[in-house]
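Understanding the architecture of this molecule
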Amino acid sequence: KLVKLSAMASSSLHPKTMLAGKAVDAKVALQKIPIPIIQKGEVLIKVCYFGINRADILQRKGLYPPPEGTTDVLGLECAGLIVATWKKGEGAASSKSKFLEGERVMALLSGGGYAEYVVAKEETVMRIPPRISLQDAAAIPEQWLTAFQLIKIGEAKMGDYVVVHAAGSGVGTSIVQQLRLMGAFPIAVAGKAEKLESSKSLGAVFGVNYKESKEFGKEILKFMVKRTRTESKDKGVDLVLDCVGASHFGENIRCLGVDGRWVLYGLLGGAKVNEFNLGLILGKRISLRGTTLRSRSTLYKAKLIEEFEKQILPHFGTKEGVAVKVNKVFEFNEIQDAHDYMESNKNFGKILVKVVKDA
């Protein structure tokens, strides 16, 4: 199969068009469009699987436009096979890709993943280790690199207590596992009991249902008192990783300790906070940091990927390591169904779409 797909890149059999998923009237529609042409420093990937992300849903609804110069084809990650690389010249002056046609790879994308083929910058492409399947690999780039970045920005360290919002999501399950790997203590927040139990199986030391406990910050503080055996008001959590925003704002402040860190990376619960008292942040010396990954420079992403490949990727598939949690796989013509499923909040772990039938 690899030989056949590899040969397509340099032969007249290479198709000129492909099917790709775009937003049409706030729905995902497959359209036939030209296969993108690779430029210097890029590779062409035959997509086997791609992941579904919340950002895709926002873009579909017109709420999160792609960065300037980026394709309007949806999709921030994929796994597949290299079918073409950029080459120029011969001999000492030649410029060749570090990848070979036929290699299994996964890619972090600014867009374009919902397609049969996608062009990616070499710096944002990773080889898939032999122990990881193409399916599982598709769940890694956006999800695991987002989690890795959040932990870095939040300066998490061994022994820290870290609140993880949306702990049952793809990113949430990745955060919990990476925190456990480094010796920190994840505290899961989710809206369903089964998601909390599953989070505990991945390494969360405590879980709270924000739908049942509106003042979930109080529950977390009670846990911290029991866990640390101190009644000190300063003993809140060290870090909050927050993709919710406004609706959890007050409880995040409540459960954070003095000098706590708070990383905001999503606004699922709204962007505007009413009657916001800055004194609450000042009093605890809380550091609030906002971040995204998609709009970051290629250089930033390349460095992040390099660190991830050294620190986290070797632990996939090992006995005491980390694992991809795939919840459900949809067919290529079921992308809108996959979006609807994510919006129902039924998933624990990653939602994928299979493009190649025999992948």
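Check the entry above for the structure.
Residues numbered from 1 in each chain as written. Predicted model: local features only at pLDDT ≥ 70, side-chain atom pairs only at ≥ 80, totals over all residues. Heavy atoms only, no water.

**Points about unusual backbone geometry**
Phi is positive for D259, close to 65 degrees, though the residue is something other than glycine. Examined against the element boundaries, D259 turns out to sit in strand β12 (residues 256–264). Given the relative accessible area of 42%, D259 is considered partly exposed. Its identity as a non-glycine residue notwithstanding, E275 has a phi of 50 degrees, on the positive side. (Helix = DSSP H or I, 4+ residues; strand = E, 2+ residues; numbered from the N terminus. Buried < 20%, exposed > 50% of the residue type's maximum accessible area, 1.4 Å probe, protein only.)

**Regarding the sheet that holds strand β13 (residues 287–290)**
If you walk across this open sheet you meet the 6 strands as β10-β9-β8-β11-β12-β13, and the pairing is parallel. In this open sheet, the two strands that pair with only one neighbour each are β10 (206–209) and β13. Here the average twist between neighbouring strands, direction ignored, is 15 degrees. Here 4 bridges tie strand β9 (residues 185–190) to β10, and the two strands are oriented parallel to one another. Across the sheet, residue A188 finds its bridge partner in β10, namely G207. (Pairing = 2+ DSSP bridges. Axes fitted to C-alpha atoms, helices over the stretch in contact; angles between N-to-C directions.)

**Some thoughts on the packing of helix α4 (residues 141–153) against helix α10 (residues 298–311)**
It is the contact of α4 with α10, at a shortest axis distance of 10 Å, that shows an interaxial angle of 95 degrees. Taken together, the axis directions place α4 and α10 in an arrangement best described as roughly perpendicular. On the side of α4, the interface is formed by W144, L145, F148, Q149, K152 and I153, while α10 contributes Y300, L304, I305, E307, F308 and Q311. Residues belonging to the contact of α4 with α10 are distributed by class as follows: 8 nonpolar, 2 polar and 2 charged. (Parallel < 35°, antiparallel > 145°, perpendicular 65-115°, else oblique. Contact = heavy atoms within 4.5 Å. Nonpolar A, V, L, I, M, F, W, Y, C, P; charged D, E, K, R; others polar.)

**Quick look at the pattern of salt bridges**
Applying the stated criterion to the full structure yields 18 salt bridges. The salt bridge involving R60 is made with E343; its shortest N-O contact spans 3.3 Å. Placement of R60 in helix α2 (residues 54–60) and of E343 in helix α11 (residues 335–343) is noted, with a sequence separation of 283 residues between them. Judged by relative accessible area, which is 30%, E343 ranks as partly exposed. Across the pair R254 and E251 runs a salt bridge, and its minimum N-O distance is 3.0 Å. One end of the pair, R254, and the other, E251, are both in helix α8 (residues 249–255), 3 residues apart, so they sit about a helical turn from each other. The partly exposed category is assigned to R254, whose relative accessible area is 28%. Taking relative accessible area as the criterion, E251 reaches 11% and is therefore assigned buried. (Salt bridge = Lys/Arg side-chain N within 4 Å of Asp/Glu carboxyl O.)

**Here we look at the layout of surface pockets**
Estimated volume of the largest pocket: approximately 1,200 Å³. Around the largest pocket, the lining is made up of 46 residues, and of these R54, C243, Y265, G266 and L268 lie nearest the centre. Only α2, α4, α5 (170–182), β9 and β15 (350–354) provide two or more residues apiece to the lining of the largest pocket. With 5 residues, the single largest contributor to the lining of the largest pocket is α4. Broken down by class, the residue content of the lining of the largest pocket amounts to 21 nonpolar, 18 polar and 7 charged. Of the volumes computed, that of the second largest pocket is approximately 500 Å³. Surrounding the second largest pocket, 25 residues form its lining, E42, T71, G111, V119 and A120 being those nearest its centre. Counting residues per element, the ones that place at least two in the lining of the second largest pocket are β6 (117–121) and α10. When residues of the lining of the second largest pocket are assigned to their parent elements, the largest contribution, 5 residues, is made by β6. (1 Å grid on protein atoms, 1.4 Å probe; cavity = no way out; pocket = protein on both sides within 12 Å on 5 of 7 lines; lining within 4 Å. Points joined across faces, edges and corners; volume = space filled by probe spheres on them.)

**Things to note about the nonpolar core**
The biggest cluster of nonpolar side chains holds 40 residues, and the ones touching the most others in it are I45, F50 and I52. Elements with a contribution of two residues or more to this core: β1 (17–24), β2 (27–34), β3 (42–51), β4 (77–85), β5 (104–108), β6, α11 and β15. If you tally residues by element for this core, the top one is β3, at 5 residues. Among residues more than four places away in sequence, those in contact with I52 are Y114, I335, A338, H339, M342, K350, I351 and V353. (Core = buried A, V, L, I, M, F, W, Y, C linked by side-chain atoms within 4.5 Å.)

**Quick notes on the packing of aromatic side chains**
Summed over the entire model, instances satisfying the criterion amount to 10 aromatic pairs. Measuring from ring centre to ring centre gives 4.5 Å for F50 and Y114, while their planes differ by 20 degrees; the resulting arrangement is stacked. Of the two residues, F50 is situated in strand β3 and Y114 in the loop between β5 and β6; the sequence distance between them amounts to 64 residues. A ring pair is formed by W144 and F316, whose centres lie 4.7 Å apart and whose planes are at 65 degrees; its orientation type is edge-to-face. With W144 in helix α4 and F316 in the loop between α10 and β14 (326–331), this residue pair connects regions lying 172 residues apart in the sequence. Accessibility classification places W144 together with F316 in one group, the buried group. Its guanidinium or amino end placed over the ring of Y300, R296 lies 4.2 Å from that ring's centre, counting from NZ or CZ. (Phe/Tyr/Trp six-rings, centres within 6.5 Å; stacked < 30°, edge-to-face > 60°. Lys NZ or Arg CZ within 6 Å of the ring centre and 35° of its normal.)

**What to know about the packing of α4 against α5**
Contact geometry of α4 with α5 gives a least axis separation of 8 Å together with a crossing angle of 50 degrees. In this view, α4 runs oblique relative to α5, as classed from their interaxial angle. Crossing handedness for the pair α4 and α5: right-handed. The residues of α5 that touch α4, namely those facing Q143, W144, T146, A147, F148, L150 and I151, are G170, V171, T173, S174, I175, Q177, Q178, L179 and M182. Grouping the amino acids of the contact of α4 with α5 by side-chain chemistry returns 9 nonpolar, 7 polar and no charged. (Left-handed = near helix turned anticlockwise from the far one by under 90°.)

These values are about where atoms sit, not about what they do.
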